[in-house]
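Inside the fold
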Amino acid sequence: MARLIALYSLPSTNPGDALQYARRNGPYSLTMIAGANNKLPYGNIPRLLIAWICTEAVQIQDRVLTLGRSLGNFMRKLQIYDSGGNPQLRLRNQMQRLFRSHVQLVYQDTHGERFVSSAIADRGEFWWDLKRPDEPMLWESTIRLGEDFFNEIVSHPVPLDMNVLRAIKRSTLALDLYTWLTYKTFVLTRSEQLSWKRLYRQFGARPDRSNDIRTVDNFRTDCLRELKKINLAWPELNYDTAKGVLVLNPCAPSIPPLRLFRP
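Residues numbered from 1 in each chain as written. Predicted model: local features only at pLDDT ≥ 70, side-chain atom pairs only at ≥ 80, totals over all residues. Heavy atoms only, no water.

Here we take up the overall build of the protein chain. Per the secondary structure count, the protein chain includes nine helices and ten strands. The C-alpha radius of gyration of the protein chain comes to 18 Å, within 12% of the 18 Å expected for a compact globule of 263 residues. Its C-alpha atoms give the protein chain principal-axis dimensions of roughly 60 × 35 × 35 Å. Looking at the protein chain as a whole, 47% of its 263 residues qualify as buried. A separation of at least 24 residues holds for 63% of the contacts in the protein chain among residues at least 6 apart in sequence. Roughly 13,700 Å² of accessible area belongs to the protein chain as shown, and the carbon and sulfur atoms make up 49% of that amount. Here the protein chain carries 36 positive and 25 negative side-chain charges, and the mean point of each set is 4 Å from the other. (Helix = DSSP H or I, 4+ residues; strand = E, 2+ residues; numbered from the N terminus. Rg over C-alpha atoms; globule rule 2.2 N^0.38 Å. Buried < 20%, exposed > 50% of the residue type's maximum accessible area, 1.4 Å probe, protein only. Contact = heavy atoms within 4.5 Å. Areas by Shrake-Rupley, 256 points an atom, 1.4 Å probe, with all protein chains shown as cover. Lys, Arg positive; Asp, Glu negative; His and termini not counted. Charge placed at Lys NZ, Arg CZ, Asp CG, Glu CD.)

This structure, assessed with the given rule, holds three cavities of 30 Å³ or more. In this structure, the largest cavity occupies an estimated 110 Å³ of space. Lining the largest cavity are 15 residues, with Met-1, Arg-47, Leu-175, Asp-176 and Thr-179 positioned closest to its centre. Every element with two or more residues in the lining of the largest cavity is listed here: helix 1 (3-6), helix 2 (44-60) and helix 7 (172-187). If one sorts the elements of the lining of the largest cavity by residue count, helix 2 sits on top with four residues. Residues that form the lining of the largest cavity fall into these classes: eleven nonpolar, two polar and two charged. (1 Å grid on protein atoms, 1.4 Å probe; cavity = no way out; pocket = protein on both sides within 12 Å on 5 of 7 lines; lining within 4 Å. Points joined across faces, edges and corners; volume = space filled by probe spheres on them. Nonpolar A, V, L, I, M, F, W, Y, C, P; charged D, E, K, R; others polar.)

Here we come to the packing of helix 2 against helix 5 (residues 147-155). In the contact formed by helix 2 and helix 5, the axes pass within 9 Å of each other and the chain directions differ by 75 degrees. One element, helix 2, and the other, helix 5, form an angle in the roughly perpendicular class. Of the residues in helix 5, those in contact with Ile-50, Ile-53, Cys-54, Ala-57 and Val-58 of helix 2 are Phe-149, Phe-150, Ile-153 and Val-154. Broken down by class, the residue content of the contact of helix 2 with helix 5 amounts to nine nonpolar, no polar and no charged. (Axes fitted to C-alpha atoms, helices over the stretch in contact; angles between N-to-C directions. Parallel < 35°, antiparallel > 145°, perpendicular 65-115°, else oblique.)

This is the structure we're talking about:
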């Protein structure tokens, strides 16, 4: 996963006609801007797409990613199966929203600021037949990642356990928490207390409602439920709860650092 995505969360619910989506985490802020279709991505599919394209980019060290000749085969790579409701159409819709979007990451402190802006993808070709998803097409479907987005991925990759992702893939909140916690455990050297209000601003659906006690309390309940699921798949994860805070304790990362360098 790209570090800039691990620090934040994508929209979890349909943002409607909103053209921008912003999140802040300490000195970092992320803004996602809708592309040509004026629609932002949301839900679990863009999260699985991002995990896949980041994994491919790190492994092959190339901006051009091959999605394949068959939509059905690509869906199986993402662990998306036909459970009714036309998943092929949902996937194509979210791919268009995600790959046409732009992202901007800003670091700002008292000394100055630094930012990078990039398209998620600056070129794409999709030849799949939605009505016949398992039929191979004559041409490969491909995307070319934006240059700065690609550089961010390969320069600051956060390793994820695909088995954990598969276990929690139906919950956008669980996906966001797992991705963020994986990054945190690599850099955490001592216990850290995080208020639920701050976590809601980072992961909640409506950051502007972070001062609403009931909203934050409901979010806390949801987080604790999803943390239990993550803990089942990642037993080493070490956290506690105290009044008004989540306490993260140093623990073994989801993937040991040395595994980054194994084929």
